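Chain residues, written in single-letter form:
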Amino acid sequence: MEFDELIKLVKEYQINPQFRDEEAGFRCCELALAALQSGNYGVGAVLLDADGQVLVEEKNVVFSTQFCSSAHAEMRVLDQYEAYFIKEHPPALLKLVVSLEPCPMCLSRILLSGIGVVKYLVEDAAGGMVSHMSRMPPAWQNLASLQSFYHAHVSSELRQLAKKLSQHNLVYLRAALLQQRGSDA
Ligand SMILES: O=c1cc[nH]c(=O)[nH]1
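Per an unreviewed UniProt entry, the protein carries the name Cytosine deaminase and comes from Neptunomonas japonica JAMM 1380.

Here's what the structure looks like:
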């Protein structure tokens, strides 16, 4: 899909109020688009407080300035949360919404953070780890048992949009990642 078309889909998307994660899910998609526009993976994440208000929102910025391998959307949200909000907002009461199923790095960080509820819009068959929770080491599975992971409650149109955003430019981005280690493999 052409990038202009993807931008149009996001700009013209109508939030469907029948779905309880639709607003946060759409914000994740806007952030994912912004990530793509700055040459990064199309992933966005928002952290909601106990009242459902946005505490932190971030996007993937792995390639934005200097290459930063850890600059996934979820990692950046958790950095901000732990730096500025943890005292007033205990993690167990919070909800993290992500446009894409968290990868192994992000899942590990989420398990350590203790965020109560995690919801993602789209599965990531190639890189997602939540679907493989049973393959985490026992101590990590123990942490996972204290948290809840779900597919976000959003419309199928929004889920499709999140999928398109996560897949856009992937070939180029994978090549860029390999270039960081001085290999074209
Ligand atoms: O930001 C990103 C990119 C890929 N996978 C993730 O979990 N987060």
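Undergrad: How should the overall build of the protein be read in this particular structure?
TA: Of regular secondary structure, the protein possesses 7 helices and 5 strands. When the elements of the protein are put in sequence order from the N terminus, they spell out α-α-β-β-α-β-α-β-α-β-α-α. The C-alpha radius of gyration of the protein comes to 16 Å, within 12% of the 16 Å expected for a compact globule of 185 residues. When the backbone C-alpha atoms are referred to their principal axes, the protein occupies close to 40 × 40 × 30 Å. Counting over 185 residues, the protein shows a buried share of 45%. Within the protein, contacts between residues at least 6 apart in sequence are counted, and of these 63% link residues at least 24 apart. Total accessible area on the protein is roughly 9,800 Å²; 51% of this is exposed by carbon and sulfur atoms.

Undergrad: In this structure, what is going on with unusual backbone geometry? I would like to understand it.
TA: Of note, Asn169 is a non-glycine position whose phi angle comes to about 65 degrees, a positive value. Within the fold, Asn169 resides in the loop between helix 6 (156-167) and helix 7 (170-179).

Undergrad: Help me understand the packing of aromatic side chains, please; the structure alone is not making it clear to me.
TA: The geometry of an aromatic ring pair is captured by two quantities: the separation of the ring centres and the angle between the planes. Overall, the coordinates contain 3 aromatic pairs when judged by the stated rule. A ring pair is formed by Tyr13 and Phe26, whose centres lie 5.4 Å apart and whose planes are at 25 degrees; its orientation type is stacked. In this pair, Tyr13 is assigned in the loop between helix 1 (3-12) and helix 2 (22-37) and Phe26 in helix 2, connecting sequence segments 13 residues apart. A single burial state applies to Tyr13 and to Phe26, both of which are buried. Ring geometry for Tyr41 and Phe63: centres 5.8 Å apart, planes at 40 degrees, overall tilted. In this pair, Tyr41 sits in the loop between helix 2 and strand 1 (44-48) while Phe63 sits in the loop between strand 2 (54-59) and helix 3 (73-84), placing the two residues 22 residues apart along the sequence. The same class applies to Tyr41 as to Phe63, namely buried. Members of the aromatic cluster, each reached through a chain of ring pairs, are Tyr41, Phe63 and Phe67.

Undergrad: In this structure, what is going on with the sheet that holds strand 1? I would like to understand it.
TA: Strand pairs in the sheet, formed through backbone hydrogen bonds, run parallel or antiparallel to each other. Spatial strand order, 2-1-3-4-5: 5 strands in an open sheet with mixed pairing. Each end of this open sheet is capped by a strand with a single partner; those strands are strand 2 and strand 5 (148-151). Each neighbouring strand pair of the sheet contributes to a mean axis angle of 15 degrees, computed without reference to strand direction. Of the strand pairs in this sheet, strand 4 (residues 117-122) and strand 5 are connected by 4 bridges, and their pairing is parallel. Bridge pairing in strand 5 places Lys119 opposite Tyr150. In the packing of helix 2 onto the sheet, the strands contacted are strand 1, strand 2, strand 3 (95-100) and strand 4, and the crossing angle to strand 1 comes to about 140 degrees.

Undergrad: What am I meant to see in the packing of helix 1 against helix 2 here?
TA: Helix packing geometry: the angle between the two helix axes and the distance between the axes. Viewed as axis vectors pointing N to C, helix 1 and helix 2 meet at an angle of 155 degrees, and their least axial separation amounts to 10 Å. Accordingly, the angle class assigned to the pair helix 1 and helix 2 is roughly antiparallel. The two elements helix 1 and helix 2 meet at a crossing, and its hand is left-handed. Only Phe26, Glu30, Leu33, Leu36 and Gln37 of helix 2 make contact with helix 1, whose side of the interface consists of Phe3, Leu6, Ile7, Val10 and Lys11.

Reading the values: rules and limits
Residues numbered from 1 in each chain as written. Predicted model: local features only at pLDDT ≥ 70, side-chain atom pairs only at ≥ 80, totals over all residues. Heavy atoms only, no water. Helix = DSSP H or I, 4+ residues; strand = E, 2+ residues; numbered from the N terminus. Rg over C-alpha atoms; globule rule 2.2 N^0.38 Å. Buried < 20%, exposed > 50% of the residue type's maximum accessible area, 1.4 Å probe, protein only. Contact = heavy atoms within 4.5 Å. Areas by Shrake-Rupley, 256 points an atom, 1.4 Å probe, with all protein chains shown as cover. Phe/Tyr/Trp six-rings, centres within 6.5 Å; stacked < 30°, edge-to-face > 60°. Pairing = 2+ DSSP bridges. Axes fitted to C-alpha atoms, helices over the stretch in contact; angles between N-to-C directions. Parallel < 35°, antiparallel > 145°, perpendicular 65-115°, else oblique. Left-handed = near helix turned anticlockwise from the far one by under 90°.

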